[in-house]
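This is what each chain is made of:
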Amino acid sequence: MPLPEPVPDLAALDMLVTVGELGSITAAAAAHQVSQPAASMRLRSLERVLGVQLLDRARSGARLTPAGAATAEWAAAILAGVRALLVGTSALRKDAASMLRVAASLTVAEYLLPEWLRQLAAARPEVTASLEMGNTARVSDLVARGEVELGFIEGRRPPRHLRYRDVRPDELVVVVGAQHQWARRRQPLTPAHLAATALLLREEGSGTREILVAGLAEHGLAPRALMELGSTTAIKSAVISGAGPAVLSALAVDSEVRAGLLVTVACQGLRLERTVRAVWSRSRSLSQPAALLVQVAAGKPGPLSRLQSPGPESP
């Protein structure tokens, strides 16, 4: 319930308690590093607020009245609680400043975020990062609900309900196993040919799938699913085994392509570019560790231990 008005000033209560402990206004003023007149004014103001005479003032000095002694005892308990409050909230601030909750889409989490977090740890070793992984839709939802401070997603269109910053481009490529007939194909695929072929697809809500669906939709087409799998790693394994073609991030397949396990197949006229974005809530500003991680992801030069602005972002 609301406190009755007027509420006594905490600094004045603290001064009263100190007068009781040290025996004079002059000694209490010195302890609080204020002048004796300022201490006297503070105590007179407290008497007016409480409507009680707290001090007997004489030429020889001032001493607490019985009412003043009782008030000082109650005030001491209040001040002890306030000090506990300040110590506790200070610890909470330190804990919050040292914990960074991040969510990332699977492609970003597997192929980009480990290096970004390594750089963050080198610059701010006191920061502990926790990571949630999921598809783009889930990451956006976690950020919007405040369960994580910062998210990394991919897609063509930025989210309308979150603030964001573009950090790097990415593109999707058609890949097949080394023994697949398309691996020796010399002519590029057409969008119609790709749409007519059953593909290994990511699940609904995935940024990878969103880009493929949007790219084919520009030609009035839609992908066919041979099977749906919940991770890029699972799809790569299936493609390598010869299960069928897939459309995946170039970042995700780079090492397998260089090793000859996967082969990229050109598809003429199909736009499969996307952007990796950092996203965060419109209702809060980024903490220093989060802003620094965005800076790292965007590849900003300079000493990372000195926080800079996250740079251009959504309104």
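Read on for a plain summary of the structure. For clarity, every value in this text was computed on a predicted model and none was experimentally measured.

Rules used in this analysis
Residues numbered from 1 in each chain as written. Predicted model: local features only at pLDDT ≥ 70, side-chain atom pairs only at ≥ 80, totals over all residues. Heavy atoms only, no water. Helix = DSSP H or I, 4+ residues; strand = E, 2+ residues; numbered from the N terminus. Rg over C-alpha atoms; globule rule 2.2 N^0.38 Å. Buried < 20%, exposed > 50% of the residue type's maximum accessible area, 1.4 Å probe, protein only. Contact = heavy atoms within 4.5 Å. Areas by Shrake-Rupley, 256 points an atom, 1.4 Å probe, with all protein chains shown as cover. Lys, Arg positive; Asp, Glu negative; His and termini not counted. Charge placed at Lys NZ, Arg CZ, Asp CG, Glu CD. Phe/Tyr/Trp six-rings, centres within 6.5 Å; stacked < 30°, edge-to-face > 60°. Lys NZ or Arg CZ within 6 Å of the ring centre and 35° of its normal. Polar contact = N/O pair within 3.5 Å; in protein donor to acceptor, adjacent residues only side chain to side chain. Axes fitted to C-alpha atoms, helices over the stretch in contact; angles between N-to-C directions. Parallel < 35°, antiparallel > 145°, perpendicular 65-115°, else oblique. Left-handed = near helix turned anticlockwise from the far one by under 90°. Nonpolar A, V, L, I, M, F, W, Y, C, P; charged D, E, K, R; others polar.

We now examine the overall build of the chain. Tallying secondary structure elements over the chain gives 12 helices and 11 strands in all. Taken over C-alpha atoms, the radius of gyration comes to 32 Å for the chain, far larger than the 20 Å a tight globule of 315 residues would show. Each principal axis of the C-alpha distribution contributes one length, and for the chain these read about 105 × 40 × 30 Å. The buried share of the chain, taken over its 315 residues, is 41%. Look at the contacts in the chain between residues 6 or more apart in sequence, and 73% of them connect residues 24 or more apart. Accessible surface for the chain amounts to roughly 16,500 Å². Of this, 55% is attributable to carbon and sulfur atoms. Taking the average location of the 35 positive side-chain charges in the chain and that of its 28 negative ones, the two points are 4 Å from each other.

On to the packing of aromatic side chains, then. Counted according to the given criterion, the structure contains one aromatic pair. Ring geometry for Trp-116 and Phe-152: centres 5.1 Å apart, planes at 50 degrees, overall tilted. Here the residue Trp-116 occupies a position in helix H6 (residues 113-123), and Phe-152 occupies one in strand S5 (residues 150-155), the gap between them amounting to 36 residues. As far as the burial class goes, Trp-116 and Phe-152 line up, both buried. Here Arg-277 stacks its cationic end above the ring of Tyr-164, 5.8 Å away from the centre of that ring.

Okay, helix H9 (residues 207-217) next. With respect to burial, H9 is a largely interior element, eight of its 11 residues being buried. Turning to H9, its buried residues are Gly-207, Thr-208, Arg-209, Ile-211, Leu-212, Ala-214, Gly-215 and Leu-216. N-cap assignment for H9: the residue whose side-chain oxygen lies 3.1 Å from the backbone N of Thr-208 is Ser-206.

Attention now moves to the environment of Gly-207. Tracing the backbone shows Gly-207 in helix H9. Residues Gly-207 and Ile-153, 54 residues apart in the sequence, show an inter-C-alpha distance of 7.4 Å. Setting aside residues no more than four positions away along its own chain, Gly-207 makes contact with Thr-136, Glu-154 and Arg-274.

Here H6 crosses helix H12 (residues 288-297) at 130 degrees, and the two axes come no closer than 9 Å. Judged on the interaxial angle alone, H12 and H6 are oblique. Viewed along their axes, H6 and H12 form a crossing whose handedness is right-handed. Of the residues in H12, those in contact with Trp-116, Leu-117, Gln-119, Leu-120 and Ala-123 of H6 are Pro-289, Leu-292, Leu-293, Val-296 and Ala-297. Broken down by class, the residue content of the contact of H6 with H12 amounts to nine nonpolar, one polar and no charged.

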